[in-house]
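For reference, the chains in residue letters:
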Amino acid sequence: MEYLVELPQEAIVMGFAASCIEHVARRLHVPYRTVYDSLKRTDAITKYIIPHYNSLHTQSREYVTEDIIEYLRNRGEKL
């Protein structure tokens with residue numbers, strides 16, 4: 001018998017934010033903590049990734065990764 005678990009929307013969005021951190025870190029070859037700290041300093045998680053989840057999650061992983069990198073660089077983050 002197969003059981004399906006439905007996650008709350010908040011958990012899905014937070015999982016997406018975590019995957020964004022991981023993919024940016026891989027793309028830039030830096031520790032995920034470096035990316036998280038940059039996102040936190042610029043409020044990117046709370047002011048960009050989460051509020052724009054509905055449109056971001058429909059884009060390719062490459063697009064979202066590059067978009068986040070551009071967002072951080074436009075805010076003066078040196079990654």
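Look up a bit, the structure's there.
These figures come from a predicted structure and were not determined experimentally.

**Student:** It is not clear to me how unusual backbone geometry should be interpreted in this structure. Could you clarify?
**Tutor:** Apart from glycine, the bulk of residues carry a negative phi angle, and the bulk of peptide bonds sit in the trans form. We note that H29 has phi near 60°; this positive angle belongs to a residue other than glycine. When you line up the elements, H29 lands in the loop between helix 1 (9-28) and helix 2 (32-41). Look at D43: it is not a glycine, yet its phi comes out positive at around 60°. Examined against the element boundaries, D43 turns out to sit in the loop between helix 2 and helix 3 (44-49).

**Student:** I tried to follow the nonpolar core on my own but got confused; where do I start?
**Tutor:** Generally speaking, soluble globular proteins have nonpolar side chains that are buried together. Membership of the largest hydrophobic core comes to 21 residues, with the highest contact counts inside it found for F16, L39, I49 and I68. Mapped onto this core, the elements with two or more residues apiece are helix 1, helix 2, helix 3, helix 4 (53-56) and helix 5 (61-74). Discounting chain neighbours no more than four positions away, the residues touching L39 are I21, A44, I45, I49, I68 and L72.

**Student:** Which parts of the structure should I look at to understand the environment of C20?
**Tutor:** Here C20 lies in helix 1. On the basis of relative accessible area, C20 is assigned to the buried category, the value being 2%. Here the alpha-carbon distance between C20 and Y36, two residues 16 residues apart in the chain, equals 9.6 Å. In this structure C20 touches I49, R61, V64 and I68, once residues within four positions along its chain are discounted.

**Student:** How do you make sense of helix 5 when you look at a structure like this?
**Tutor:** In an α-helix, one turn spans 3.6 residues; hence positions three or four apart end up facing the same way. Along its 14 residues, helix 5 runs 20 Å from first to last C-alpha, staying within 8% of the 20 Å computed at 1.5 Å per residue. When helix 5 is considered as a whole, its buried residues turn out to be V64, T65, D67, I68, I69, Y71 and L72. Where helix 5 is buried, its residues meet helix 1, helix 2, helix 3 and helix 4. At the exit of helix 5 stands G76, carrying a positive phi of roughly 85°.

Cut-off values and rules
- Residues numbered from 1 in each chain as written.
- Predicted model: local features only at pLDDT ≥ 70, side-chain atom pairs only at ≥ 80, totals over all residues.
- Heavy atoms only, no water.
- Helix = DSSP H or I, 4+ residues; strand = E, 2+ residues; numbered from the N terminus.
- Core = buried A, V, L, I, M, F, W, Y, C linked by side-chain atoms within 4.5 Å.
- Buried < 20%, exposed > 50% of the residue type's maximum accessible area, 1.4 Å probe, protein only.
- Contact = heavy atoms within 4.5 Å.
- Expected span 1.5 Å × (residues − 1).

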